[in-house]
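# Structure assessment
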Amino acid sequence: MATLPTIVVLISGSGTNLQALIDATQQGQLKAKIVAVVSNRQKAYGLERARLAGIPTETVSLKKFKDQGKSREDFDNFVGQLIDQYKPTLVVLAGWMHILSPRFLSHFPNDNVMNLHPALPGQFDGAHAIERAFEAFQQGKITHTGIMVHKVIADVDRGQVILQQPVPILDTDTLEDLEDRIHKAEHELIVKGAQVFLDQLASL
Ligand SMILES: Nc1nc2c(c(=O)[nH]1)N[C@@H](CN(C=O)c1ccc(C(=O)N[C@@H](CCC(=O)O)C(=O)O)cc1)CN2
Ligand SMILES: NCC(=O)N[C@@H]1O[C@H](COP(=O)([O-])[O-])[C@@H](O)[C@H]1O
């Protein structure tokens, strides 16, 4: 039987997108095996989601590195080495809230790192994208927002887009309404995007 492609997922928070990936691999919708979950926050609930699914977890701390007088690049190199141990087919950033330096990316010359971002290409790069989109809508600057999964390069949220999807904003929306709509859409897109990317990597 052919071996499944493997995925390492990086998280920082609740892990609802990780849960979507876990569910999809268990239901056969995503033909892959999640072999490790790495979090840069010890209390991230996504770690519990991984444990409940029997997936090995790793926790890393930039603060510990800085307390030891080490650099952000040293930290990124450590995270890259940690992931290298698993030799994953694909690395997925699912709410990983840390900008990765070229030192990290040097571990992945095959460009097999994917990020989920709650905005459309070039619209609201970086953190707090949903809040910024909601504010822009209220100011009449945009009529809708969206989500995307893209390849990870040094330039944050500017990597080649793998999949993108518009998400409507309603005049009656609160920020929470928009967040809920976006998160629901993300849970589908991250699974589809991971499968598309795995298929692309397999065809190389
Ligand atoms: N080199 C890259 N690194 C990362 C990318 C990327 O495309 N290239 N995507 C991000 C994910 N992300 C948006 O999708 C994102 C996450 C966090 C930040 C940010 O400003 N982080 C701050 C710390 C914020 C915090 O700890 O709350 C920081 O790193 O100083 C920007 C974009 C993941 N990394
Ligand atoms: N810039 C990166 C970024 O904002 N990522 C966002 O973090 C959330 C993680 O949720 P989760 O922990 O429930 O999966 C998701 O909304 C994801 O788009």
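This text follows the structure it describes.
Residues numbered from 1 in each chain as written. Chains lettered and ligands numbered in written order. Predicted model: local features only at pLDDT ≥ 70, side-chain atom pairs only at ≥ 80, totals over all residues. Heavy atoms only, no water.

### Things to note about the side chain of H107
For the record, the criterion: Think of it this way: any DSSP run of H or I at least four residues long counts as a helix, any run of E at least two long counts as a strand, and we number them from the N terminus. Three exposure classes are used, based on accessible area relative to the maximum for each residue type with a 1.4 Å probe and protein chains only: buried under 20%, partly exposed in between, and exposed over 50%. N or O atoms closer than or at 3.5 Å make up a polar contact, with two conditions inside protein: a donor-capable atom paired with an acceptor-capable one, and, for residues adjacent in sequence, both atoms drawn from side chains.
Inspection of the secondary structure assignment puts H107 in the loop between α5 (102-105) and β5 (113-117). Given a relative accessible area of 18%, H107 falls into the buried group. In this structure the side chain of H107 is engaged in a polar contact, spanning 2.6 Å, whose partner is the side chain of D84.

### Focus: the site of ligand 2
Put simply, the rule reads: To be near a molecule or strand, a residue needs just one of its heavy atoms within 4 Å of it. Surface accessibility in these figures is a Shrake-Rupley result with a 1.4 Å probe; residues are shielded only by whichever protein chains are displayed. Cavities and pockets are found on a 1 Å grid laid over the protein atoms alone: a cavity is a set of points where a 1.4 Å probe fits but cannot escape, a pocket is an open set with protein on both sides within 12 Å along at least five of seven lines, and a lining residue has an atom within 4 Å of such a point. The rule for placing a molecule in a cavity or pocket is simple: more than half of its atoms must lie within 2 Å of the grid points. Residue polarity follows a fixed list, in which Ala, Val, Leu, Ile, Met, Phe, Trp, Tyr, Cys and Pro are nonpolar, Asp, Glu, Lys and Arg are charged, and the others, Gly among them, are polar.
Around ligand 2 sit 13 residues in total, of which G15, T16, N17, H183 and E186 are the nearest. Separating a nitrogen atom of ligand 2 from a side-chain N or O atom of H117 is a distance of 3.3 Å. Interatomic distance of 2.3 Å between a side-chain N/O atom of E186 and an oxygen atom of ligand 2. Considering ligand 2 on its own, with 450 Å² of exposed area, one finds that the protein chains cover 86% of that surface. Taking a 2 Å distance to the grid points as the criterion, the majority of the atoms of ligand 2 fall inside the largest pocket. Secondary structure elements with two or more residues in the shell around ligand 2: α1 (16-27), β5 and α7 (175-202). In terms of residue class, the shell around ligand 2 is made up of 3 nonpolar, 9 polar and 1 charged.

### A word on the sheet that holds strand β2 (residues 33-39)
For the record, the criterion: Only when DSSP finds a minimum of two bridges between them are two strands counted as paired. Only C-alpha atoms enter the line fits that serve as axes; for helices the fit covers just the stretch in contact. Angles between N-to-C directions range over 0 to 180 degrees. Pairs of residues are marked as contacts when any of their non-hydrogen atoms sit within 4.5 Å.
Spatial strand order, β3-β2-β1-β4-β5-β6-β7: 7 strands in an open sheet with mixed pairing. The sheet is open, and its two edges are formed by β3 (57-59) and β7 (161-168), each paired on a single side. Strand-to-strand twist across the sheet, computed as the mean angle between neighbouring axes with direction ignored, equals 20°. The sheet contacts of α1 involve β1 (6-11), β2, β4 (90-93) and β5, and relative to β2 the element is tilted by about 165°. Along the sheet, helix α2 (residues 45-52) contacts β1, β2 and β3; its crossing angle with β3, the most-contacted strand, is approximately 155°.

### Concerning α2
Rule in force here: The arc under discussion is defined with respect to the helix axis, by the directions toward the C-beta atoms.
Listing the buried residues of α2 in full gives G46, L47, R49 and A50. Taken down its axis, α2 places every buried residue within 160° of arc, on the same side. Those residues of α2 that are buried are in contact with β1, α1, β2 and β3. Of the residues flanking the end of α2, it is G54, one or two places downstream, whose phi is positive at about 75°.

Such coordinate-based values are descriptive only and should not be taken to indicate function.
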